[in-house]
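Chain and residue survey
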Amino acid sequence: SRMFRDGPPNPPGERSPRVEAGLGCIPRVAWSGHDIHRRKLRRSEADERLELAYHPYHAALADLLEDIAARHGHATLIDCHSMPSVIAGRRVQADIIIGNRHGGSCDESLTRTIEDTLTRFGYRVLRNQPYAGGYLTQLHGRPMADRHALQIEINRRLYMDENEVTLKPGFERLREDLSELADQIVRWSKKKPRL
């Protein structure tokens, strides 16, 4: 293993291009591609990190979503991320990428609401390419049970200088637009017919 002295944590996580690139739940490399750790980790260190942070986080999120669904009859998870402006040497053309597991993690009307709102704000929005939604959208997106999950990837060039890791003037506009988007998602949630 390139990261562990005595094998990956038990049970080993899913193998995917992201994990192979060193960007799994315990990342090996930073966004710059440089190694994070100066030495290989012991499996016990990884297991401890999973027990102290990863598993409690996922349990708390699942409990929160179940509590919301019990109180309101439905739940919606918006999983936001930033993406680099250049991937594999190519400039990302989209400002924002919406990932709904190719329609499998949320109601189409939610995807359309988000896409239409962001497009109206002037952003170039794509669906599912190259990000279709990850572990959280797969785990929590069950639209037939009125549990909706959608991933939003925001291009860093909109709001930061990626080399200097400093905010650009576009940050304030993006913050205002995302606040309005949150309001639109709440409106969608209130008017969506229950299953």
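Residues numbered from 1 in each chain as written. Predicted model: local features only at pLDDT ≥ 70, side-chain atom pairs only at ≥ 80, totals over all residues. Heavy atoms only, no water.

1. Overview of helix H2 (residues 43-72)
Its 30 residues give H2 an end-to-end C-alpha distance of 41 Å, which sits within 8% of 44 Å, the value for a rise of 1.5 Å per residue. A bend of about 40° at Leu-50 is the largest found in H2. Residues Glu-45, Ala-46, Leu-50, His-58, Leu-61, Leu-65 and Ala-69 constitute the buried set of H2. In the core, the buried residues of H2 are packed alongside strand E1 (75-83), helix H4 (135-140) and strand E6 (147-155). Taken from the residues just after H2, Gly-73 is the one with a positive phi, measuring 85°. (Helix = DSSP H or I, 4+ residues; strand = E, 2+ residues; numbered from the N terminus. Expected span 1.5 Å × (residues − 1). Bend = angle between axes of the 7 residues up to and from the residue. Buried < 20%, exposed > 50% of the residue type's maximum accessible area, 1.4 Å probe, protein only. Contact = heavy atoms within 4.5 Å.)

2. Re the sheet that holds E1
Adjacent strands of a sheet form backbone hydrogen bonds with each other and so pair up, either parallel or antiparallel. With mixed pairing, the four strands of this open sheet are ordered in space as E1-E6-E4-E5. Strands with a single pairing partner mark the edges of an open sheet, and in this sheet they are E1 and strand E5 (125-127). When strand polarity is set aside, the average angle formed by the axes of neighbouring strands in this sheet is 20°. Pairing of E1 with E6 involves nine bridges; the strand directions are parallel. When the bridges of E6 are listed, His-81 appears paired with Glu-153. Contacting E1 and E6, helix H5 (residues 170-191) runs over the sheet at an angle of about 165° to E6. (Pairing = 2+ DSSP bridges. Axes fitted to C-alpha atoms, helices over the stretch in contact; angles between N-to-C directions.)

3. Digging into the nonpolar core
By size, the foremost hydrophobic cluster in this structure holds 19 residues, and its most contacted members are Ile-114, Leu-118, Tyr-123 and Ile-152. Sorting the residues of this core by element identifies strand E4 (96-99), helix H3 (108-120), E6 and H5 as the ones contributing at least two each. The greatest single-element share of this core, amounting to four residues, is contributed by H5. Apart from residues lying up to four places away in sequence, Ile-152 is in contact with Ile-78, Asp-79, Cys-80, His-81, Ile-96, Ile-97, Ile-114 and Leu-181. (Core = buried A, V, L, I, M, F, W, Y, C linked by side-chain atoms within 4.5 Å.)

4. Some thoughts on H3
When the terminal C-alpha atoms of H3 are compared, their 18 Å separation across 13 residues agrees well with the 18 Å that a helix rising 1.5 Å per residue should span. If you check which residues of H3 are buried, you get Leu-110, Thr-111, Thr-113, Ile-114, Glu-115, Thr-117 and Leu-118. Buried-residue contacts for H3 involve E1, E4, E5, E6 and H5. Backbone geometry just downstream of H3 places Gly-122 in the positive-phi region, at approximately 100°.

Structural measurements only, silent on function.
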